[in-house]
Amino acid sequence: MRNFAPGLVLRDRYRLKSVLGRGVMGQVWEGHDTYLDRPVAVKTVAADLLAVPQSREAALARFEREARAAARLDHGNITTVFDASITDDTCCLVMELIEGTTLDHLFDQQEDGRFDVPSAASVTAQLCGGLSAAHAADLVHRDLKTQNVMIRRDGVVKILDFGLVKFLGDMDPGLTMTGEAIGNIACASPELLSGRDPLDARSDLYALGCLLHHMLTGTPLFATDQPALLASRHLSETPPAVAESGVDVPRDLQDLLSALLAKRPQDRPASATEVYAALAPHLPSPDPRLALGPGLPEDPRRPFLVPQGPRPV
């Protein structure tokens, strides 16, 4: 397995430029497609995972699963996959390069660290659009969190990283494959943490509720840096109402949030489409001036203008 470095060309086509981010599984690079002359993002597997036989098989299986899952999806709120290679020499996933910032970083640019209701509703609605496409393809994301949500400069929301994706037909109901750790439990559903029940789309809806609560209040649902305590709270503690953070939201929006954060999957909304419909009254009002041509400044703090509808409509 080759070592990845700036200037390396993969598959005689994709030149690596600089590292955009690192994780347990590997790195994401800014790259350049020399054949089509366009920027791309290239995800590579960490060399140390592939050097050890015990972890190599699991890492490659997970990477192949992510590539195949992402390739099945075609939606404006999901990162598009262009190419993939999983061989002894090259293990990479080539995707669209998104110009913008993660939802995690966008909190720092909000007044009081939180979003107003129309902005929070529109981010959530766009996530519903992407999730509806994944769920229609019998996929559960399982790792939806602020770091895996990208806000493009024109306001389009993109779901990243299907590395923990689960096919609904899989028999194993647990968190991950043997030896695979969940990336982050800040938005993990009770059934994901317990491994007791088969996962379905409603696990992602719980994570969606965690993100919506965070956007409305400016703080995570259960704010603690102790993983065991955080998991325990997801499993058994009643989620705090938004009003407990000193924020007023419409009653129906709080009711939706409470339903999304229900401990039992059967007590949550049935689908991302249902959640999208419930958010509709709180979306930003259309502004015809936005269609009058160039000249408007790009601003990642001014996002969420026209959420793409969910599937099925």
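Residues numbered from 1 in each chain as written. Predicted model: local features only at pLDDT ≥ 70, side-chain atom pairs only at ≥ 80, totals over all residues. Heavy atoms only, no water.

If you look the protein up in an unreviewed UniProt entry, it shows as non-specific serine/threonine protein kinase from Streptomyces vinaceusdrappus.

Enquirer: Is there a simple way to explain the overall build of the protein in this structure?
Expert: Scanning the protein from N- to C-terminus turns up nine helices and 11 strands. Out of the 313 residues belonging to the protein, those deemed buried represent 48%. A total of about 14800 Å² of accessible surface is found on the protein, and carbon and sulfur atoms cover 51% of it. (Helix = DSSP H or I, 4+ residues; strand = E, 2+ residues; numbered from the N terminus. Buried < 20%, exposed > 50% of the residue type's maximum accessible area, 1.4 Å probe, protein only. Areas by Shrake-Rupley, 256 points an atom, 1.4 Å probe, with all protein chains shown as cover.)

Enquirer: Just to check I follow, could you spell out the sheet that holds strand E5 (residues 81-86) for this structure?
Expert: Strand order in the open sheet formed by six strands is E1-E2-E3-E4-E6-E5, and the pairing between neighbours is antiparallel. Edge positions in the open sheet fall to strand E1 (9-10) and E5, since each of these has one partner strand only. Two strands pair when backbone bridges link them, and strand E2 (residues 14-22) and strand E3 (residues 26-33) are joined in this way by seven bridges, in the antiparallel orientation. Bridge pairing in E3 links Leu 16 to Gly 31. (Pairing = 2+ DSSP bridges.)

Enquirer: Explain the UniProt feature "binding site: ATP" (unreviewed entry) in the protein here, please?
Expert: Within the UniProt annotation, "binding site: ATP" (unreviewed entry) is assigned to Lys 43. Tracing the backbone shows Lys 43 in strand E4 (residues 38-45). When sequence neighbours within four positions are dropped, the list of residues in contact with Lys 43 reads Gln 27, Val 28, Phe 63, Glu 66, Cys 91, Cys 92, Leu 93, Met 95 and Asp 161. (UniProt positions renumbered as here; feature names shortened; annotations may be inferred. Contact = heavy atoms within 4.5 Å.)

Enquirer: Got a minute to help me understand the side chain of Gln 254 in this structure?
Expert: You can see Gln 254 is positioned in helix H8 (residues 251-260). Look past the residues within four positions of Gln 254 in its chain and what remains in contact with it is Ala 241, Val 242, Ala 243 and Val 249.

Enquirer: How do you make sense of the environment of Ile 78 when you look at a structure like this?
Expert: Within the secondary structure, Ile 78 sits in the loop between helix H2 (53-71) and E5. Judged by its relative accessible area of 2%, Ile 78 falls in the buried class. Put simply, Ile 78 and Val 149 are 71 residues apart on the chain and 9.5 Å apart in space, counted from C-alpha to C-alpha.

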